[in-house]
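Topology and contacts: notes
What follows is the residue order along each chain.
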Amino acid sequence: MSARLRLSIFAVSAVALALVLAYGLAGLQQFGHVDSAYGALLARLAVPARHATNAVVVTAFDFRGLDTLVEELILLTAAIGVVALLRIQRGEHSEDDEAHQRRARPDPSETLRVAGAALVPATFVLGVYVVAHGQLSPGGGFQGGAVLAAAVVLLYASGQRFALRATRPPPFAERAEAIGSLGFALIGLGGLIAGGVYLRNVLGQGTVGELISGGTIPLSNAAVGLEVAGALALIAAELVDQALFVRED
Amino acid sequence: MSVLQAVALMLVAITGTLVALTREPVRQAIQAGFFGLALTILFFSFQAPDVALSQLVVSTVAIPVMILLAVAKVREHERRERRRGAREPERDR
């Protein structure tokens, strides 16, 4: 198939797509138009029922907590898949001993390490902040966990782990992931035991605007934050290990 | 539709096209980071800050890192294959 034929087919289908897209977009509601009774109900109930001001987090971790439980299992499965695929197989070895490293990879530059030393603690604190304030301001478990994982990736990018000569995927990532996913499931179980419904919000709701408010929502946030941070850090660590240290025999 | 939202939409369109037009994988990874940044501004201007937070981390940190590591691994593999291929003819002599 020649290039001209390809381009003409693309042009025709692009025009068709543009027409259909314009027709569909023209029929959309105005931005911000509320048409769903369920959505309006959730937004109205968030503060009086749960004393938490972030309706998105209340919806994700309380009203629709079951969906979040399954979603974080998706991340867990992805991390397990990455670890299984990138394990050291027969016919490969890991060049992470001192001599190899000193020869193949010189120490990272001072600038890079100083930048990492400045950025990593700040990112870590920001991640913990986002997780802790999930029920009050935009953020929550997923977002805070992602920021924490970004701190770990920064650790690798600034060369600190190479300077530490420690290259196997860090154990804290696997443990954090396991504790996080198990923790969320157990919190749901606590709701079942204390309230008769799985994932029921059984703790005291607290005062609106305080850090401790929303019942089990801060706990769920912390669990999911741990899980997401652990899973993403594990994936990043496995990829770094595979790309830079694993070699065929 | 405010000015900020319109500008964000334009930025997303431009950076997205640039990602598709960039040829080299390393450059594409950096370009994908900029695309993610434009998407973050878009989501934020459309009043979805939670999505913007996730998008920021995933698209500017996680995706470029994964792409760059995969490219590094492939290039290392190719380099070794080439070295092994260059060594073979000498042994036959």
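Preceding this section is the structure that the text describes.
As the structure is a computational prediction, the values presented were derived from the model and not from experiment.

Moving on to the overall build of chain B. Looking only at helices and strands, one finds three helices and zero strands in chain B. Against the compact-globule benchmark of 12 Å for 93 residues, chain B has a radius of gyration of 20 Å, which places it well outside the compact range. Projected onto its principal axes, the C-alpha positions of chain B cover 75 × 25 × 10 Å. For chain B, with 93 residues in total, the buried portion stands at 28%. Here the analysis covers contacts within chain B between residues at least 6 apart in sequence; of these, 52% occur between residues at least 24 apart. Taken as a whole, chain B presents about 6,200 Å² of accessible surface, with 67% of it coming from carbon and sulfur.

Before going further, it helps to spend a moment on the overall build of chain A. Assigned secondary structure in chain A consists of 10 helices and two strands. Secondary structure elements in chain A, listed N-terminal to C-terminal, are α-α-α-α-β-α-α-α-α-α-α-β. What you see for chain A is a C-alpha radius of gyration of 24 Å, clearly larger than the 18 Å of a compact globule of 249 residues, by over 25%. Seen through its C-alpha atoms, chain A measures out along the principal axes to roughly 65 × 60 × 40 Å. By residue count, 38% of the 249 residues in chain A fall in the buried class. Counting contacts in chain A only where the partners sit at least 6 residues apart, residues at least 24 apart contribute 73% of the total. Accessible surface, chain A: about 13,700 Å² in total, of which carbon and sulfur atoms supply 70%. Distance between charge centres in chain A, computed from 17 positive and 20 negative side chains, equals 4 Å.

We now examine helix α4 (residues 65–85) of chain A. If you check α4 of chain A, its first and last C-alpha atoms are 31 Å apart, about what 21 residues at 1.5 Å a residue would give, namely 30 Å. Each element contacted by the buried residues of α4 of chain A is listed here: α3 (55–63), α7 (141–157), α9 (171–195) and α10 (217–244) of chain A.

The subject of this paragraph is the pattern of salt bridges. With the rule as written, the count across this model stands at six salt bridges over all chains. Note that R64 of chain A is salt-bridged to D67 of chain A, the shortest N-O span being 3.2 Å. Among the charged side chains, a salt-bridge network with shared partners connects E76, R79 and R80 of chain B.

Moving on: the nonpolar core. Within the largest apolar cluster, 30 residues are counted, with the highest numbers of intra-cluster contacts made by F61 and F184 of chain A. Elements with a minimum of two residues in this core: α3, α4, α7, α9 and α10 of chain A. For this core, the element with the most residues is α10 of chain A, which contributes 13 residues. Filtering out sequence-adjacent residues up to four positions away, F184 of chain A remains in contact with F61, G65, T68, L69, E72, L199, S220, A223 and V224 of chain A. Ranked by size, the runner-up nonpolar core spans five residues in total, among them A8, V12, A38 and L42 of chain B.

The interface of chain B with chain A comprises 18 residues on the first partner and 20 residues on the second. Interface area for chain B against chain A, summed over the two sides, is near 1,700 Å², with a carbon-plus-sulfur share of 69%. Among the residues chain B hides against chain A, the three largest losses belong to D50, L69 and K73 of chain B. Together they make up 33% of the total. For the interface between chain B and chain A, the tally reads zero salt bridges. Linking chain B with chain A are four residue pairs in polar contact (both at pLDDT 80 or more), by the criterion used here.

Our focus in this paragraph is α10 of chain A. Between its first and last C-alpha atoms α10 of chain A spans 40 Å; for 28 residues at 1.5 Å apiece the expected length is 40 Å, and the two agree. The element α10 of chain A is extensively covered by neighbouring structure, given that 23 of its 28 residues are classed as buried.

What follows covers the side chain of Q242 of chain A. By the secondary structure assignment, Q242 of chain A is in helix α10. A relative accessible area of 11% means that Q242 of chain A is categorised as buried. Reaching out from Q242 of chain A, the side chain makes a polar contact with the side chain of K73 of chain B at a distance of 3.1 Å. Non-local contacts of Q242 of chain A, meaning those with residues more than four positions away in its chain, are made with L86 and R247 of chain A together with K73 of chain B.

Turning next to the packing of α7 of chain A against α10 of chain A. All names here are of chain A. Where α7 contacts α10, the axes come no closer than 7 Å and their chain directions differ by 30°. Taken together, the axis directions place α7 and α10 in an arrangement best described as roughly parallel. The hand of the α7/α10 crossing is right-handed. Contacts between α7 and α10 pair G141, F142, G145, A146, L148, A149, V152, V153 and Y156 from the former with N221, V224, G225, V228, A229, L232, A233, A236, A237 and V240 from the latter.

With respect to the helices and strands, the residue E227 of chain A is situated in helix α10. Contacts of E227 of chain A, omitting those with residues within four sequence positions, involve E72, L75, L76, A176, E177, G180 and S181 of chain A.

In this section: the packing of aromatic side chains. Residues and elements named next belong to chain A. Summed over the entire model, instances satisfying the criterion amount to one aromatic pair over all chains. Judged by centre distance (6.3 Å) and plane angle (70°), the ring pair of F61 and F184 falls under edge-to-face. Here the residue F61 occupies a position in helix α3, and F184 occupies one in helix α9, the gap between them amounting to 123 residues. Taking relative accessible area as the criterion, F61 reaches 5% and is therefore assigned buried.

Cut-offs and rules
The residue count restarts for each chain, going from 1 along the sequence in the order it is written. Each chain gets a letter, beginning with A, and each ligand a number, beginning with 1, in the order they are written. pLDDT decides what is reported in this predicted model: residues at 70 or higher carry local features, side-chain atom pairs at 80 or more are listed and counted, and totals for whole chains, interfaces and linings draw on all residues regardless. The basis for every side-chain value is the complete set of heavy atoms in the structure, and neither hydrogens nor water enter the calculation. To qualify as a helix, a DSSP run of H or I must reach at least 4 residues; to qualify as a strand, a run of E must reach at least 2; elements of each kind are numbered from the N terminus. Each radius of gyration is computed over the set of C-alpha atoms, and the globule rule expresses the reference value as 2.2 Å times the number of residues to the power 0.38. Each residue is placed in one exposure class: buried if its accessible area under a 1.4 Å probe, protein chains only, is under 20% of its type's maximum, exposed if it is over 50%, and partly exposed if it falls in between. Whether two residues are in contact is decided by their heavy atoms: any pair within 4.5 Å suffices. Here the Shrake-Rupley method, with its probe set to 1.4 Å, supplies the accessible areas, and only the displayed protein chains count as covering residues. Counted as positive: Lys and Arg. Counted as negative: Asp and Glu. His and the chain ends are not counted at all. By convention, charge coordinates are those of NZ in Lys, CZ in Arg, CG in Asp, or CD in Glu. Expected span of a helix: the number of residues minus one, times 1.5 Å. A carboxyl oxygen of Asp or Glu within 4 Å of a side-chain nitrogen of Lys or Arg is what we treat as a salt bridge. We call a set of buried residues a nonpolar core when its members are Ala, Val, Leu, Ile, Met, Phe, Trp, Tyr or Cys and they connect through side-chain atoms within 4.5 Å of each other. Buried area: the accessible surface (1.4 Å probe) lost by two parts on joining, summed over both. Nitrogen and oxygen atoms within 3.5 Å of one another constitute a polar contact, given that in protein one can donate a hydrogen and the other can accept it, and given that sequence-neighbouring residues count only through two side-chain atoms. Think of each axis as a best-fit line through the C-alpha atoms, taken over the contacting stretch in the case of a helix, with angles from 0 to 180 degrees between the N-to-C directions. Note on angle classes: values under 35 degrees are labelled roughly parallel, values over 145 roughly antiparallel, values of 65 to 115 roughly perpendicular, and the remainder oblique. Put simply, a crossing is left-handed when the front helix is turned counterclockwise from the back one by less than a right angle, and right-handed when it is turned clockwise. Here a pair means two rings of Phe, Tyr or Trp (six-membered ring of Trp) with centres within 6.5 Å. Their orientation is stacked below 30 degrees between planes, edge-to-face above 60, and tilted elsewhere.

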